[in-house]
Amino acid sequence: MALPSFGGLTDAVEHATGWLGLILIAVYSFLISFVLPLPSEIVLLAPLDLGIGEIGQLSIIILISGLGKAAGSVFAFHIGQEAKQSGPVIRALRRSNIDIVEWSERKTVGLAQEWGYLGLAGALCVPGFPDTISIYAFSILETDYVKFALASFAGSVGRLVLVTFVGAGILSL
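Here the structure is a predicted model, which means the values were calculated and not measured.

Rules used throughout
Residues numbered from 1 in each chain as written. Predicted model: local features only at pLDDT ≥ 70, side-chain atom pairs only at ≥ 80, totals over all residues. Heavy atoms only, no water. Helix = DSSP H or I, 4+ residues; strand = E, 2+ residues; numbered from the N terminus. Buried < 20%, exposed > 50% of the residue type's maximum accessible area, 1.4 Å probe, protein only. Phe/Tyr/Trp six-rings, centres within 6.5 Å; stacked < 30°, edge-to-face > 60°. Core = buried A, V, L, I, M, F, W, Y, C linked by side-chain atoms within 4.5 Å. Contact = heavy atoms within 4.5 Å. Salt bridge = Lys/Arg side-chain N within 4 Å of Asp/Glu carboxyl O. Polar contact = N/O pair within 3.5 Å; in protein donor to acceptor, adjacent residues only side chain to side chain.

Draft legend 1. Spotlight on the overall build of the protein chain. In terms of regular secondary structure, the protein chain is built from 8 helices and 0 strands. Ordered by position from N to C terminus, the α and β elements of the protein chain give α-α-α-α-α-α-α-α. Every one of the 173 residues in the protein chain was classed for burial, and the buried ones make up 39%.

Draft legend 2. Fine view of the packing of aromatic side chains. As enumerated under the stated definition, the model contains 5 aromatic pairs in all. Judged by centre distance (4.5 Å) and plane angle (85 degrees), the ring pair of Phe77 and Tyr145 falls under edge-to-face. Linking Phe77 in helix α3 (residues 53–84) with Tyr145 in helix α8 (residues 145–172), this pair joins segments that are 68 residues apart in sequence. A residue is classified by how much of its surface remains accessible, and Phe77, at 0% relative accessible area, is buried. Classification of Tyr145 as partly exposed rests on a relative accessible area of 34%. In this structure an aromatic cluster arises from ring pairing among Phe30, Phe34 and Phe75.

Draft legend 3. Quick look at the nonpolar core. Core analysis: the largest hydrophobic core is formed by 17 residues, its most contacted members being Val13, Ile25, Tyr28, Val43, Leu48 and Ile61. Of all the elements in the fold, those that place two or more residues in this core are α2 (18–34) and α3. By residue number, the principal contributor to this core is α2, which donates 4 residues. Residues in contact with Ile25, not counting those within four places in the same chain, are Val13, Val43, Ala46, Leu48, Ile61, Ile64 and Ser65.

Draft legend 4. Quick look at the environment of Gly51. Note that Gly51 resides in the loop between α2 and α3. Here Gly51 falls in the exposed class, since its relative accessible area comes to 71%.

Draft legend 5. Quick look at unusual backbone geometry. Of note in this structure, Asp49 is not a glycine but carries a positive phi near 50 degrees. On the secondary structure map, Asp49 appears in the loop between α2 and α3. The exposed category is assigned to Asp49, whose relative accessible area is 66%.

Draft legend 6. Seen up close, the environment of Ile32. As for its position among the elements, Ile32 is in helix α2. Look at Ile32 and you get buried, because its relative accessible area is 0%. Along the chain, Ile32 and Ser73 lie 41 residues apart, while their C-alpha atoms are 9.0 Å from each other. Apart from the residues lying within four places of it in its own chain, the contact partners of Ile32 are Leu38, Pro39, Ser40, Lys69, Asp131 and Thr132.

Draft legend 7. Representation of the pattern of salt bridges. The tally for this structure, following the rule as stated, stands at 3 salt bridges. When the shortest N-O distance is used, the salt bridge between Asp131 and Lys69 registers 2.7 Å. Placement of Asp131 in helix α7 (residues 131–141) and of Lys69 in helix α3 is noted, with a sequence separation of 62 residues between them. Classification of Asp131 as buried rests on a relative accessible area of 0%. Classification of Lys69 by relative accessible area gives buried; the value is 1%. A single network of salt bridges, built from pairs that share partners, joins Glu41, Lys69, Asp131 and Arg159.

Draft legend 8. Expanded view of the side chain of Ser156. Summarising the element assignment, Ser156 is placed in helix α8. For Ser156, the side chain forms a polar contact with the main-chain oxygen of Ser152, separated by 2.7 Å. Dropping the residues within four chain positions of it, Ser156 is found in contact with Gly66, Lys69 and Leu124.

Structure follows, in structure tokens:
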């Protein structure tokens, strides 16, 4: 199954090379935090060829992607904080075909209440799941920008590390 390319953005990330490719990874990671419903693991496929060895290259990809996603999540967090103050926004979401508010209440409110920012980091560690859902759900429930950014960074890095190790384990078989 092919992922939508969103104007070729996913293809560009999959084929990003050199140090400029890191900028593309950062932009992609920023955008998937709040607007693109795509999994973040795609950045691991970028053949950057930075001349620093495979481990160094994967480490830099994970770091840049985590920073990009943390920055994007802070942007989404700000939008969520504004939406909390807007009755019409919440009413519009409740009337939409996909009841985002009901879903987020059912699936994430309990997680956020029980685990707080650790819950956000854990939710972002789930491979293949679009980050935008978790980030917006938590952005409405939480209040601290710095903790939100740190949790987003930790979850993003955790997911990429998890996928890297699971992928390496599968390939070694």
